[in-house]
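Geometric and topological summary
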Amino acid sequence: GAVVSQHPSRVICKSGTSVKIECRSLDFQATTMFWYRQFPKQSLMLMATSNEGSKATYEQGVEKDKFLINHASLTLSTLTVTSAHPEDSSFYICSAKRDRRDTEAFFGQGTRLTVV
Amino acid sequence: AQSVTQLDSHVSVSEGTPVLLRCNYSSSYSPSLFWYVQHPNKGLQLLLKYTSAATLVKGINGFEAEFKKSETSFHLTKPSAHMSDAAEYFCVVSDLDQGGKLIFGQGTELSVKP
């Protein structure tokens with residue numbers, strides 16, 4: 001149990017377009033989901049925390065108008081990279097918790113975004 | 001605030017020899033600690049977790065870690081490395097002061113030589 005699925009696993013888009021990444025909890029309800037960004041050879045950087053039915057909480061330095069996060073249901077959160085630029089190219093990973101008080105989170109397989 | 005420090009950015013071992021990946025934590029209370037593994041271009045897989053039960057935690061694939069409060073350490077070990085263990089390893093603490101946010105170490109790249 002506790003499977004988190006991310007889609008797509010890879011995406012290439014043109015500069016100036018928007019890209020949506022989905023994160024689904026397949027066999028549990030996730031009240032809290034997290035979005036991370038990872039640069040090559042670096043650790044994961046938390047971008048934002050989303051709780052179902054409320055606005056996401058963004059980390060300092062993350063542009064909320066550029067990285068739109070929606071958590072409309074207990075099994076789905078989406079990250080939309082708006083007006084993408086080459087510097088947005090990165091590996092994006094989501095994770096999900098059943099309850100915000102849980103210590104353990106379950107991770108998706110990641111999405112490799114390349115903006116050309 | 002809680003934090004973790006992984007003491008080695010890169011560790012190289014020979015196949016069949018022991019693995020030691022070091023992690024120190026900083027916490028004002030009893031922490032929840034995790035080790036995750038990440039293979040190239042993949043998500044994270046949980047190896048093991050410590051949540052204030054037994055101090056010696058056994059995980060998957062023969063890995064284990066020992067929580068040592070006196071040393072504020074949570075080192076990851078495996079008796080005998082396998083080629084498939086080559087990956088990036090992250091030591092992680094759950095920060096209850098920040099709503100259970102996971103705080104990641106910098107990562108340790110493990111290489112396994114034949």
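This structure is a prediction, so every number in the text was calculated from the model and none was measured.

Considerations on the environment of B:Leu21
Residue and element names in this part refer to chain B. You can see Leu21 is positioned in strand β3 (residues 19-21). According to the relative accessible area criterion, Leu21 is buried, its value standing at 0%. In this structure, the C-alpha to C-alpha distance between Leu21 and Thr77, residues 56 residues apart in sequence, is 6.4 Å.

A closer look at the state of the cysteines
Simply put, the disulfide is a covalent bond whose two ends are the sulfur atoms of two cysteines. Counting across every chain of the model gives two disulfides over all chains. Note that A:Cys23 is cross-linked by a disulfide to A:Cys94, the S-S spacing being 2.0 Å. Where A:Cys23 bonds to A:Cys94 through sulfur, the torsion about that S-S bond is close to 80 degrees, and the disulfide is right-handed. Linking A:Cys23 in strand β3 (residues 19-25) with A:Cys94 in strand β9 (residues 90-97), this pair joins segments that are 71 residues apart in sequence. Like A:Cys94, A:Cys23 is buried. Disulfide pairing places B:Cys23 opposite B:Cys91 at an S-S distance of 2.0 Å. Its S-S torsion of about -65 degrees marks the bond between B:Cys23 and B:Cys91 as left-handed, since a negative value means left-handed. Here B:Cys91 lies in strand β10 (residues 87-95) and B:Cys23 lies in strand β4 (residues 23-26), a separation of 68 residues in the sequence. Looking at the unpaired A:Cys13, the closest cysteine sulfur is the one in A:Cys94, lying at 18 Å.

Considerations on unusual backbone geometry
Each neighbour pair has its own omega, and for A:His7 with A:Pro8 the value is 0 degrees, a cis peptide bond. Mapped onto the elements, A:Pro8 comes out in the loop between β1 (4-7) and β2 (10-13). The backbone of A:Ser83 sits at a positive phi, close to 45 degrees, despite the residue not being glycine. By secondary structure assignment, the location of A:Ser83 is in the loop between β8 (76-81) and β9. Not every positive phi belongs to a glycine, and B:Asn61 is a case in point at roughly 60 degrees. Mapped onto the elements of the fold, B:Asn61 is located in the loop between β7 (56-58) and β8 (64-68).

Points about the sheet that holds β8(A)
Think of a sheet as strands paired side by side through backbone hydrogen bonds, with each pair either parallel or antiparallel. All names here are of chain A. Pairing within the open sheet is antiparallel, and its four strands lie in the order β1-β3-β8-β7. The open sheet has two edge strands with one neighbour each: β1 and β7 (67-73). Ignoring strand direction, the axes of neighbouring strands in this sheet form an average angle of 15 degrees. Bridge analysis of β3 against β8 gives six bridges, and the strand direction is antiparallel. Pairing of Glu22 across the sheet is with Thr78, part of β8.

Scoring rules and cut-offs
Residues numbered from 1 in each chain as written. Chains lettered and ligands numbered in written order. Predicted model: local features only at pLDDT ≥ 70, side-chain atom pairs only at ≥ 80, totals over all residues. Heavy atoms only, no water. Helix = DSSP H or I, 4+ residues; strand = E, 2+ residues; numbered from the N terminus. Buried < 20%, exposed > 50% of the residue type's maximum accessible area, 1.4 Å probe, protein only. Disulfide = S-S within 2.5 Å. Pairing = 2+ DSSP bridges. Axes fitted to C-alpha atoms, helices over the stretch in contact; angles between N-to-C directions.

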